[in-house]
Amino acid sequence: MNTHTSNSFLMSGQDYRESLKRYKPVVFIDGQRVQSVADERALQPGINALALTYDYALKEQYQILMTAVQSTSGKRVNRMSHINMSSGDLLNKLEAVRLICQETGCAQRYLTHDALNSLAQVSARLDDAKGITTHTDKFLNYMHRIQDQDLVLGVAMTDAKGDRSKRPHQQSNVDTYVHVVDYNAKHNGQHGIIISGTKAIVTGAPYMHELLVMPCRNMSEQDKDFAVCCAVPIDAPGITIVARPAGRPGEKLEHGAAPFSSKYGQTTAVVMFDKVFVAMDQVFYAGDWEHSHHLTYNYATHHRQTCIAARAGFGDLLIGAGALMCEANGFNPENETHLKDQMVELITITESFFACGVAASVYGKADPFSQSFMPDPVFSNIGKLLLATKIYEMHRIAHYVSGGLIVTLPGPDEDHNPETSGKLSDVLRANPQVPYEQRIEAARLIEDLTAGYQGGWYSVISLHGGGSPAAMKQEIYRNYPIGSKVELVERILERGIGETPHPLAHIKNRAITQNKQPGKCCDQGCTVPGQPVMVDLPMTKK
Ligand SMILES: Cc1cc2nc3c(=O)[nH]c(=O)nc-3n(C[C@H](O)[C@H](O)[C@H](O)COP(=O)(O)OP(=O)(O)OC[C@H]3O[C@@H](n4cnc5c(N)ncnc54)[C@H](O)[C@@H]3O)c2cc1C
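Residues numbered from 1 in each chain as written. Predicted model: local features only at pLDDT ≥ 70, side-chain atom pairs only at ≥ 80, totals over all residues. Heavy atoms only, no water.

**Some words on the environment of Leu111**
Position of Leu111 among the secondary structure elements: in helix H5 (residues 110-130). Distance from Leu111 to Met80, taken between C-alpha atoms, is 7.8 Å for residues 31 residues apart in sequence. Beyond its immediate sequence surroundings of up to four residues, Leu111 is in contact with Val155, Tyr299 and His303. (Helix = DSSP H or I, 4+ residues; strand = E, 2+ residues; numbered from the N terminus. Contact = heavy atoms within 4.5 Å.)

Take a look at the structure:
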């Protein structure tokens, strides 16, 4: 049923499923052409996760988290397509993403949020550079349509990239990066561009309504044709999507070996563009190579902060499942020091990277061009770096507290074998108060989340999703005001104070003092953060 909330339109999960039937994308999974995405079993875990983001926005208790009022239209929209205007918005986004990832592991839809927020910033910057307003006008028209129709966007940013040591224009196959083939194309009386090339990793591609194509790196003048940002419907002629199954779909898995990933999980797809026409009103820039790095930088900062909340939701699942395993094994971690230590470590890891997300919100700043709010880049990158490396530690702890049974238990078919099941349920019971069925249920959940295919998937998405660790380290160093800290210490050492000249005064452009960007503890240059508004809801992390 469609529901009108104040003056906006929000779909239910069922509406979203139905909406997919309006599109006819070319999708292949495991070598087979998919006839109907909405009905494809291999994609149901991904569609289920997306549907939850729609249903939760309609739940009264989550409305304040899962929806927000869009400042440019005054309409209440799904938070996953909302532009942040304060630190409070950034905090609420964090809580909303954590909430949906507790349920689904990964729900993709926050990528729409991260892409729209970065595009808002870059459109305003382009306008400022050119002294016009067309980019922002075009972006707002587009974004309001996405919000009003409650659509979800796939982020097509990571190109196939070919030889990593070469720039886009140096690749032997030009199609390893998406690029403009024709800047002046006409189709059905419309003016536009034509693009070709390959985006290698697009989460959820088959069950998106549209794709947002964005450059994945900064471009030089010679890479001009690769500096393209535009939106295309998922079934635009010339697009071919080659996808994997989402999670581990299948009825048999649902009732046993994969209790979580048979219900929720994401597909990732290679998306090939072969001379795809894009109408001009969907082209945000083409050939503006000087500005491509602003889009990647802004998107990465929003997305890394979002990843923090997503993985905190995953941490919540491991904390709960780890505690259940301790109980099923006959222990209360409170009384067993080494198990308590492990549980405390798991909690500390989860909450420390989440705290970086909170700090990134609190120290967020208004973008000087768009006035929308941007999370602090240092805290966003530190939080993402922490989760990228600590995910393996989180898995280890889940394994430590659970024991080897998580990968050695008899399979679910044995549960119904009259010759063995009765005996197994007797001998494999531990805590007399916890039935065998509940013990193996918790064990299989931990296997599914940490030790099977899906566990590996969560490791790799944590490590590389939103950029590999080297990218985060570069951003932390680049944005951290080391120069101010050097000056602080030099002042304490009384260098260059009073009559004594500074010993290094003769060095021009001294490298170590270059970065004196306004810090978090100085008065100059900082934009006063908006009011953090923590909503009065059952906190997702409790
Ligand atoms: C599950 C999952 C979902 C994802 N979803 C999306 C999505 O929806 N949309 C999207 O656009 N992207 C998505 N990504 C892609 C993600 O952003 C990339 O994986 C990430 O940016 C790394 O790129 P890559 O995988 O091509 O690895 P590579 O770039 O090949 O990196 C491999 C290693 O080589 C290093 N390296 C690479 N290039 C250089 C260089 N020039 N110099 C020195 N070292 C280098 C890297 O630091 C890394 O250690 C997803 C990734 C995963 C795993």
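**What to know about helix H14 (residues 453-464)**
Between its first and last C-alpha, H14 extends 17 Å over 12 residues, near the 16 Å set by a 1.5 Å rise per residue. Residues Gln454, Gly455, Trp457, Tyr458, Ser459 and Ser462 constitute the buried set of H14. Looking at the packing, one finds that the buried side of H14 touches helix H4 (87-104), strand E13 (268-279), helix H8 (292-329), helix H10 (377-402) and helix H13 (436-451). Positioned one or two residues after H14, Gly466 has a phi angle of 75 degrees, which is positive. (Expected span 1.5 Å × (residues − 1). Buried < 20%, exposed > 50% of the residue type's maximum accessible area, 1.4 Å probe, protein only.)

**Thoughts on the packing of aromatic side chains**
One pass over the structure, following the stated rule, counts 8 aromatic pairs. Arranged with centres 4.9 Å apart and planes meeting at 15 degrees, the rings of Tyr16 and Tyr54 form a pair that is stacked. Pair noted here: Tyr16 is in helix H1 (residues 13-19) and Tyr54 is in helix H2 (residues 44-58), with a separation of 38 residues, a long-range link. Given a relative accessible area of 0%, Tyr54 falls into the buried group. Three or more aromatic residues joined by ring pairs form one cluster here, namely Phe314, Trp457 and Tyr458. It is Arg98 that lies over the ring of Phe354; its NZ or CZ is 4.4 Å from the centre. Sitting above the plane of the Tyr297 ring, Arg478 keeps its charged end 5.2 Å from the centroid. (Phe/Tyr/Trp six-rings, centres within 6.5 Å; stacked < 30°, edge-to-face > 60°. Lys NZ or Arg CZ within 6 Å of the ring centre and 35° of its normal.)

**So, the site of the ligand**
Near the ligand there are 18 residues, and of these Val155, Thr158, Lys161, Arg164 and Thr203 occur at the shortest range. For the ligand, whose free accessible area comes to 960 Å², the fraction covered by protein is 64%. Elements with a minimum of two residues in the shell around the ligand: strand E9 (190-203) and H14. Here the shell around the ligand gets 4 residues from one element, more than from any other, and that element is H14. Residue composition of the shell around the ligand, by class: 9 nonpolar, 7 polar and 2 charged. (Near = heavy atom within 4 Å. Areas by Shrake-Rupley, 256 points an atom, 1.4 Å probe, with all protein chains shown as cover. Nonpolar A, V, L, I, M, F, W, Y, C, P; charged D, E, K, R; others polar.)

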